[in-house]
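Results of the structural survey
Residue-level listing of the chains:
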Amino acid sequence: MSFHTETIPGNRSQWCIRITILSDAQPRSAETEPMGCLFGYYGTPLEGLLDRMAQRLSHRCKRGWERVSIDTAAGQRAEIGHGIPPWADAVRVCASNSLSSAFGYSGVIFNLDKILSSSSEAVEPGRGPSPLDSLFPASLAHDPDERLEALEGSFVAALATPDGLRLIRDAAGIKALYWTAHGARIIFASEIKALFADDLVHRRMRISSLPEYLTFSFVPSRMTMFEDVEELQPGHILHYREGAVSARRYFTFEDYEWNGEDGLSPEFYARSVRSDLEESVKECLAATEQFPAVNLSGGIDSSAVLAVAASQRPDHAFKTFSVHFGSQYANENHFVSLMVDRYKTDHTWLEVKPAKFLKRMKQIIWILDDPIGDPVTVPNFLLAEAAGSAGNVVLNGEGGDPCFGGPKNVPMLLAALYGPEEGANEDGWLERSYLQSFKKCFSDLKALLSPDVLRQTGGEEALLSIVRPFFRNATPREYLNKLMAMNIRLKGANLILVKVDKMSSANGVLALAPLFSKRVILSSMGCPPQLKLVGSVEKGVLKNAVRDLVPAPIIERPKSGMMVPVRFWFRGEMSRYAKKVLSKRNLRKVGLFNPDYVRRLLTYDKSEIHSARFGLKLWMLVTFMLWYEQMIEHPRIR
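Rules behind the numbers
Residues numbered from 1 in each chain as written. Predicted model: local features only at pLDDT ≥ 70, side-chain atom pairs only at ≥ 80, totals over all residues. Heavy atoms only, no water. Helix = DSSP H or I, 4+ residues; strand = E, 2+ residues; numbered from the N terminus. Buried < 20%, exposed > 50% of the residue type's maximum accessible area, 1.4 Å probe, protein only. Contact = heavy atoms within 4.5 Å. Areas by Shrake-Rupley, 256 points an atom, 1.4 Å probe, with all protein chains shown as cover. Pairing = 2+ DSSP bridges. Axes fitted to C-alpha atoms, helices over the stretch in contact; angles between N-to-C directions. Core = buried A, V, L, I, M, F, W, Y, C linked by side-chain atoms within 4.5 Å. Polar contact = N/O pair within 3.5 Å; in protein donor to acceptor, adjacent residues only side chain to side chain. Salt bridge = Lys/Arg side-chain N within 4 Å of Asp/Glu carboxyl O. Phe/Tyr/Trp six-rings, centres within 6.5 Å; stacked < 30°, edge-to-face > 60°. Lys NZ or Arg CZ within 6 Å of the ring centre and 35° of its normal. pLDDT = per-residue confidence, 0-100.

Describing the overall build of the chain
- Looking only at helices and strands, the chain features 28 helices and 21 strands.
- Looking at the 638 residues of the chain, the share that counts as buried comes to 61%.
- Summarising the internal contacts of the chain: among those between residues at least 6 apart in sequence, 74% fall at separations of at least 24.
- Split by element, the accessible area of the chain, about 25500 Å² in all, is 49% carbon and sulfur.

Structure representation (structure tokens):
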């Protein structure tokens, strides 16, 4: 038997606790029920703050929300809210306000029941110790970090005790959590916009984030677009005590790097990756009473996830979803069909055109919260919307690129092999190569930004300082693994997983990435580098791991990626829209960009633009301008 607790307003001397009791006959425990958001604060009490935060996250709390709160002897309060899942029948009992802990989370935790009940017996409601104490045994208070760090799944969580607050993000960073602290309190939420429900949290753009965004298409590492607002990084636990904040990384996958001395065969490593992927998929399948849907792209990653899931549930026809942009554009439909036909899935083809999303573009950017200039965000949103009709959990293939050797690794290996170009500055050339490998606006910054803005941001050196530690750290030792660490901790945690999480959560869907689980990351880090990138063939060990399950044409094809045809859209269906958003008047009002350079981008003037990819750069600028309008200039408050 397991419990779920919820504080319900009572009189001044009592809290009412809703206890959800699930019988052993149910197929899964309540603790794995997906929840869409987490928010709260610790510090000086502020009446109505949690309610205002919930209002700003209403798009993620469509079933309502729950709260847990405690008061401390120092006159401080902790209030934690999270989106309410569809719980089973519940009973209500009352407990005194001497409760010593408050806990909440967002996402799914596979082993929460085991972790929290390992040292105490569950009690019947209304008898003996508080039911909340049964969820938080005495040993948790003595060593809460160890128990929190043992949690497995895709989640962010908050634990408040009289001595302070702990925030934790899962090992891979599947779910996102933001926080800020001022003199009175620390406040945290799944989305930045909820933090501004506290009037003491200032809404100011961090100017140095602009070249970061333009270079990566996202803001890397712990800082965000807002001053004094940070993103808790994957595999980190944060402590707040007496106004002081400290964060510690508890999941250091680099320590598990292949040591080069085992002499094991390539087949051994392929079997190891297969076994860990199977366990990861098994956990994800158990996260919902319904069968999850699967997003298909036609590549090896999503195909491997579907193939393993179907092999574990051979009697079930999975619902699958894929995106294409019309017959006139390159697509992956043939490869998707190979998987659909082989595993007899119930497939939905989703055609994405500007006419289907332009009127919702501002809404999608608002949901993104911290701007992400990757045009794949729109297909992510529309896929989540479609998959939501099939259930509340969807599996995807995210993680294959950063974990097993994605497309940026080959040019970076060549850069290391050949060294800097003749006459180039040798100091930081490898870091520059990595920044340029994103193929965004790194080469355009001096022309695109006003001189004053570029000077205020710290220029190129500030960007080099973000990636320099990854190249110079002692671990990982192998160069390919250094790239893997960068891609997991920067791109994976701050772009790939964040955009999928936000686009999915807004549609009531929990997105799970079996290839981005803790065990798969460790499995890949423990493989010899030459098995992940075999010559120029990417993800070799992953392909060998599922060769018997995935059709050969998918195994043998090179990496393609979702090629959103933005360069065609901006010369056709989105031309008028882009010119309106990026008008000289709007650009001058914002005061960050060179209007003449933006005009040359809009007219596709190849004679004066430093590099190609006009469409992608325009998408990034449109995204930023829509974000700036709603989050900075005229804040949108729900």
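Next comes the rest of the write-up.
Looking at helix α11 (residues 361-368)
- Among the 8 residues that make up α11, 6 are buried, leaving the element largely enclosed by the rest of the structure.
- Listed in full, the buried residues belonging to α11 are M361, I364, I365, W366, I367 and L368.
- In this fold, the buried residues of α11 make contact with α1 (49-56), α10 (354-357), α12 (377-387), α19 (479-505), α25 (575-581) and α28 (614-633).
- D369 lies just past α11 and shows a positive phi near 80 degrees.

Description of the pairing of strand β13 (residues 236-241)
- Burial analysis of β13 places 5 of its 6 residues in the buried class, which makes it a mostly covered element.
- Direction of pairing for strand β9 (residues 164-169) relative to β13: antiparallel, over a ladder of 4 bridges. Paired with L165 across the strands is Y240, a residue of β13.
- Relative to strand β14 (residues 244-249), β13 runs antiparallel, the two sharing 6 bridges. Within β14, the residue paired with H236 across the bridge is R249.

Observations regarding the sheet that holds β14
- Spatially, the 5 strands line up as an open sheet ordered β7-β8-β9-β13-β14, and their pairing is antiparallel. Strands with a single pairing partner mark the edges of an open sheet, and in this sheet they are β7 (102-109) and β14. When the angles between neighbouring strand axes are averaged without regard to direction, this sheet yields 10 degrees.

Concerning the nonpolar core
- Counting residues in hydrophobic clusters, the biggest one holds 119 residues, and the most contacted among them are L214, W569, L582, F593, F624 and W627.
- At 13 residues, α28 tops the list of elements feeding residues into this core.
- When neighbours within four sequence positions are excluded, W569 is seen to be in contact with F325, Y329, V352, K353, P354, F357, V564, M574, S575 and W619.
- In this structure, F155, M484, A485 and F516 belong to the second largest nonpolar core, which totals 68 residues.

Observations concerning the sheet that holds strand β17 (residues 346-351)
- An order of β17-β16-β15-β18-β19 is seen for the 5 strands of this open sheet, with the pairing classed as parallel. In the strand order of this sheet, the two ends are held by β17 and β19 (510-512), each with one partner. Ignoring strand direction, the axes of neighbouring strands in this sheet form an average angle of 30 degrees.
- Sheet analysis places strand β15 (residues 293-295) next to strand β16 (residues 319-324), joined by 2 bridges and oriented parallel. The residue bridging N295 from the neighbouring strand is F321, located in β16.
- Those strands touched by helix α9 (residues 333-343) are β16 and β17, and its axis lies near 165 degrees from that of β17.

Considering unusual backbone geometry
- In this chain, T475 is followed by P476 through a cis amide linkage whose omega measures -5 degrees.
- Looking at where P476 falls in the secondary structure, it is placed in the loop between α18 (459-472) and α19.

Examining the environment of I554
- Inspection of the secondary structure assignment puts I554 in helix α23 (residues 552-556).
- C-alpha of I554 to C-alpha of D301: the two residues are 253 residues apart in sequence and 9.8 Å apart in space.
- For I554, the residues in contact, after removing those within four places along its chain, are G298, G299, I300, S303, F335, L338 and M339.

Examining the side chain of K502
- Within the fold, K502 resides in helix α19.
- For K502, a relative accessible area of 0% puts it in the buried group.
- One polar contact links K502 to Y178, side chain to side chain, over a distance of 2.8 Å.

Things to note about the pattern of salt bridges
- Applying the stated criterion across every chain yields a total of 39 salt bridges.
- Here R67 makes a salt bridge to E79, at a shortest N to O gap of 3.2 Å. You can see R67 sitting in strand β4 (residues 65-71) and its partner E79 sitting in strand β5 (residues 77-83), a full 12 residues away along the chain. The two residues R67 and E79 agree in class, both being buried.
- Linking K353 and E351 is a salt bridge whose minimum nitrogen-to-oxygen distance equals 3.2 Å.
- Residue classification places K353 among the partly exposed positions, given a relative accessible area of 32%.
- Within the structure, one salt-bridge network assembled from shared partners comprises R60, K175, E191, K193, D369, D501 and K502.

As for the environment of A384
- Inspection of the secondary structure assignment puts A384 in helix α12.
- Classification of A384 by relative accessible area gives buried; the value is 3%.
- Along the sequence, A384 and N295 sit 89 residues apart, while their C-alpha atoms lie 9.0 Å from each other.
- When near neighbours in sequence (up to four residues on either side) are disregarded, A384 contacts M503, S504, N507 and V509.

Let's talk about the packing of aromatic side chains
- Per the stated rule, a full pass over the model turns up 25 aromatic pairs.
- For the pair F624 and W627, a centre-to-centre distance of 5.6 Å together with 40 degrees between the ring planes defines the contact as tilted. Highlighted residues: F624 and W627, both in helix α28, separated by 3 residues, approximately one helical turn. The pair formed by F624 and W627 is uniform in burial state, with each residue classed as buried.
- Here a set of aromatic residues connected by ring pairs shows up, and it is made of F196, Y213, F226, F593, F624, W627 and Y628.
- Lying over the aromatic face of F335, R557 brings its terminal NZ or CZ to 4.0 Å of the ring centre.

Section: the confidence of the model for the chain
- For the chain, mean pLDDT is 85; residues scoring 70 or higher make up 86% of the total.
- Here strand β6 (residues 90-96) is the element of the chain with the lowest mean pLDDT, 27, and strand β10 (residues 178-181) is the one with the highest, 98.
- Scored below 50 in pLDDT, residues 1-33 shows 113 contacts in the model against residues more than four places distant or in partner chains.
- Throughout residues 119-139 the model reports pLDDT below 50, and contacts reaching past four residues in sequence, or to other chains, amount to 36 contacts.

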